[in-house]
Every structure is written in C-alpha cells, then in structure tokens.
Amino acid sequence: MRPALEVADIFRQHGPAYRRAHAGRLGLLHTRVMRAIEQCRTATLGGHVERCDACHKERVSYNSCRNRHCPKCQSLARAQWLEDRQAELLECEYFHVVFTLPRAIAAMAYQNKRALYPLLFQASAETLASIALDPKHLGAEIGFLSILHTWGQNLTHHPHVHCVVPGGGLSPDRQRWIACRPGFFLPVRVLSRLFRRLFLEGLNRAFAEGTLTFHGDLAPLADRTNFDAALAPLRESEWVVYAKRPFGGPKQVLEYLGRYTHRVAISNQRLVHLGEDGTVAFRWKDYRQESGIKTMRLAAHEFIRRFLLHVLPKGLQRIRHYGLLGNRHRAGTLARCRELMNIPAPASTPGLRTLDYRDRYERLTGKSLRRCPVCAHGKWVCIKIFPAGASPRSPVPPDTS
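These lines cover the structure that appears in this document, whether it is placed above or below. This structure is a prediction, so every number in the text was calculated from the model and none was measured. (Residues numbered from 1 in each chain as written. Predicted model: local features only at pLDDT ≥ 70, side-chain atom pairs only at ≥ 80, totals over all residues. Heavy atoms only, no water.)

## Digging into the pairing of strand 3 (residues 94-100)
How we decide: Here the term buried applies to any residue with accessible area under 20% of the maximum for its type, exposed to any over 50%, and partly exposed to those in between, with areas from a 1.4 Å probe on protein chains only. To qualify as a helix, a DSSP run of H or I must reach at least 4 residues; to qualify as a strand, a run of E must reach at least 2; elements of each kind are numbered from the N terminus. Only when DSSP finds a minimum of two bridges between them are two strands counted as paired.
The buried fraction of strand 3 amounts to seven of the seven residues, a majority that puts the element mostly inside the structure. Residues of strand 3 alternate between two faces, with Y94, H96, V98 and T100 on one and F95, V97 and F99 on the opposite face, all of them buried. Direction of pairing for strand 3 relative to strand 5 (residues 157-166): antiparallel, over a ladder of seven bridges. Its bridge partner lying in strand 5, V97 is registered against C163. Across three bridges, strand 3 lies against strand 8 (residues 241-243) in antiparallel orientation.

Structure representation (structure tokens):
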C-alpha cells in the first residue's frame, strides 16, 4: 500500500523551486536523481492497464524509475541480492563491524566522494583482513562484505561502512577452518588504530597525487601546510570502530542485510507530514539518548539538500565483497570452507532470473504482485501497455502502491 507521504511528493511540490534557487550550483547527477524520483510511477514513464480475471476490477500501473536513490525502486533488487547471498552463508556465528570517518575527514570526503569513498572501503577492508591474518589474533584468511552508508538518522553527512563477517576463516595453507572465540571476533582498538593509519596514508597519497579538490570553507586545505595541520590532531585521536552484538546465525544475517543493503538516505515510512508552510516532519532515532524515537522538522529545501548529500557518484559500488567472498573465487573458497566445516552445499534455484519480475518477486519474498486485493483470489492480467508520456485512456484511478 502506498504510504501517505513519499519523498517523491516532497520533490514534486518543492523540487522545481529548489532547482531554480540553486541554478548553476546543482550538479547534473543531482538534477537527474530528483527528476527520476519525481517521475517514478507516473504517466511520464509509461505503464500498463491491468484487469482482474475474477472480479474484473481495473487499475493502472505506472513504470518505476529504477534509480538506486529512489525509495520505491529497491524491493526487487534487494530480494534478488538476498537470494544470491543466502547461497553463500556459512553455518557459523557472524559479526558486524562498523568503520566511521571522523567529522573533519567526512567533510573532505563529501567534496571528494569519488576518491575518498573507495579509500574508506579499501582501508577498512585491509584492516579487517590484516588483523584477522595475524597469528596473535585469528591467524586466518577471512571473507566479508562491506556496505557504504553516508547518512545519519537526521540525514546529515555521516560516511561509514558496515562489514558483515563470518566468525572464522581458512588457515594460510587452506587445510583448516579456524573459528574465532564464541562472541568475540577481533579487538576493536587494534582495528581502530590500523584503520586510522591506513586511511591517513591513503589520504596523503591522494593529496600528493593531486586527486583532491577543496572549495568553500575547506579551500585553505589545498595548501600543503594547512592540510598537514588539519590532519595532525586526527593522527592522535581515537577513530570510531565498533563491533555490534554478533548475529546468532545465517537467518539473522539475512534479516539484517534485508534492512541495510539497499537502503536510501530515508525511507517513505519515516515521513510524517508535509506542511502547508513548507516544512517536512520525519521520524528519527537519537542514538545519544538511548535510541529514542523523535520527530524532526525541516524546511522542504533543507530536507531536499540533506537528501541530495547522499547521492553517490555514477558507477560507484556501495556493496563490495572481500577476501574469501571476493567475486573471482567466491564459489571455490566457499566450497572449501563447507568441506572443512563438514556442512552441505545449499540447494540452488535454477532459472529464477529468467522469470517475469512479478514471478521472481513472489518466489523471493512470498508476496504476490499479481493477486487482486479486491476479491483476494483473482489475478491481474495486463490488457494494455502505454508508452512514456501517453495517457492510459482508462477511467480507473492510477495505482501507485
């Protein structure tokens, strides 16, 4: 069912004025994201007319924009991704480690997303792999996936990566599965200090190679002396790396990943109200006060500005796999892990990707996109397709659920 308020509603009502107010300063990518969300599931993108084969109820279904920043376009991609991951899970304890950039570095990262977001992935991944391989800790080659999030609950810029890691790995000779201690993976203070060193080394290399740009309040950092001075206190401060409570098993991992992998800056379900005075109210969780749920109100233009903070550069992957889960050799290493752990290989689901998207969605989620909600037993049948910009020429109201 369609939420009472959507990000698209805010963009449609206030987006044109926002673009006029920021003409010349709003990038092409941000403009495209805004327009994609505004046009999603409207006649602008075309669609089809469906009729229930039992009660003969008709509805119009408009096409989606498929933009990865759109809150309405992630369900099928999430379901398919989770199905693929289910075949890769091992019967062991899983851990969740989060690497967060300090505020001063986050400001640099916002102005240099294409250079520093990949560095965040690289430094955190190398940290986990190096400490895990150290015989003083686990002494094993591990595999894990990392998910980039750039937002906090209040939509401010807060870049961090969530890493989901099996509690063990292969011995260097790949003849043994080495499990970690129950409930404990790696020491976070050791992780934090190596992460800090690796990221700052990469940041210095990027500066020396001339790949960083600074403008606005950060413009003085283009001078080497000012840049070094800004980094000096960060070399001594504690960087936030923390491990959440470990998952109980593969089922809990999938439930968690389903909430985190294909998220955008804010879901439609968190929106509360769009006022006539141009304010947007939304729910947020205040982690500083025992995760209490609060309501925040922002001017519509400020809401849009904060939403656009989290638009990723074109082509930048926000979900990455490392070590034993690396794309090139994942199947072989997982088979070796299962052999050493004496657990069977998961059953495969052949031919799933060849199905119609509605059938795939039902197979993956158990929820039907075909069943008529009016009579509860009929199925929607497409009776007409209309192209982008055309009218469905049907008296029935559009369905945007």
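## Topic: empty space enclosed by the protein
Where we set the bar: Buriedness for pockets is judged along seven lines, at least five of which must meet protein on both sides within 12 Å for an open set on the 1 Å grid over protein atoms alone, while cavities are sets there where a 1.4 Å probe fits but cannot get out, and lining residues have an atom within 4 Å of a point. Grid points are joined across faces, edges and corners, and a volume is the space filled by probe spheres set on the points.
Enumeration over the complete set of coordinates arrives at one cavity of 30 Å³ or more. Approximately 140 Å³ is the volume found for the largest cavity. If you go around the largest cavity, you meet 18 residues; those closest to its centre are E88, L89, Y94, P166 and L325. Of all the secondary-structure elements, those providing two or more residues to the lining of the largest cavity are strand 4 (143-151), strand 5, helix 8 (250-260) and helix 10 (330-341).

## Details of the side chain of H14
Put simply, the rule is: For this analysis, residues touch if any pair of their heavy atoms sits within 4.5 Å.
The residue H14 is located in helix 1 (residues 7-21) in this model. Setting aside residues up to four positions removed in sequence, H14 forms contacts with L274, G278, A300, H301 and I304.

## Here's the deal with the nonpolar core
How we decide: Throughout this description, the term nonpolar core refers to a set of buried Ala, Val, Leu, Ile, Met, Phe, Trp, Tyr and Cys residues connected via side-chain atoms within 4.5 Å.
By size, the foremost hydrophobic cluster in this structure holds 50 residues, and its most contacted members are I105, L128, F199 and L203. Broken down by secondary-structure element, the contributors of at least two residues to this core are strand 3, helix 4 (103-111), helix 5 (113-133), strand 4, strand 5, helix 6 (188-208) and helix 7 (224-231). Broken down by element, the residue count for this core peaks at 10 residues, all from helix 5. If we skip the residues at most four places from it in the chain, F199 touches L101, I105, L116, L119, L120, A123 and W239. Core analysis: the second largest hydrophobic core is formed by 31 residues, I37, L274, V280 and F282 among them.

## Regarding the pattern of salt bridges
The condition is simple: Put simply, a salt bridge is a Lys or Arg side-chain nitrogen that is within 4 Å of an Asp or Glu carboxyl oxygen.
Considering all chains together, one arrives at 15 salt bridges under this definition. Residue E88 is joined to R85 by a salt bridge in which the shortest nitrogen-to-oxygen separation is 2.8 Å. Given the relative accessible area of 13%, E88 is considered buried. Given the relative accessible area of 8%, R85 is considered buried. The partner of R336 in a salt bridge is E339, with the nearest N and O atoms 3.1 Å apart. With R336 and E339 both in helix 10, this residue pair falls three residues apart, about one helical turn. Residues joined in a network through salt bridges with shared partners are R85, E88 and R330.

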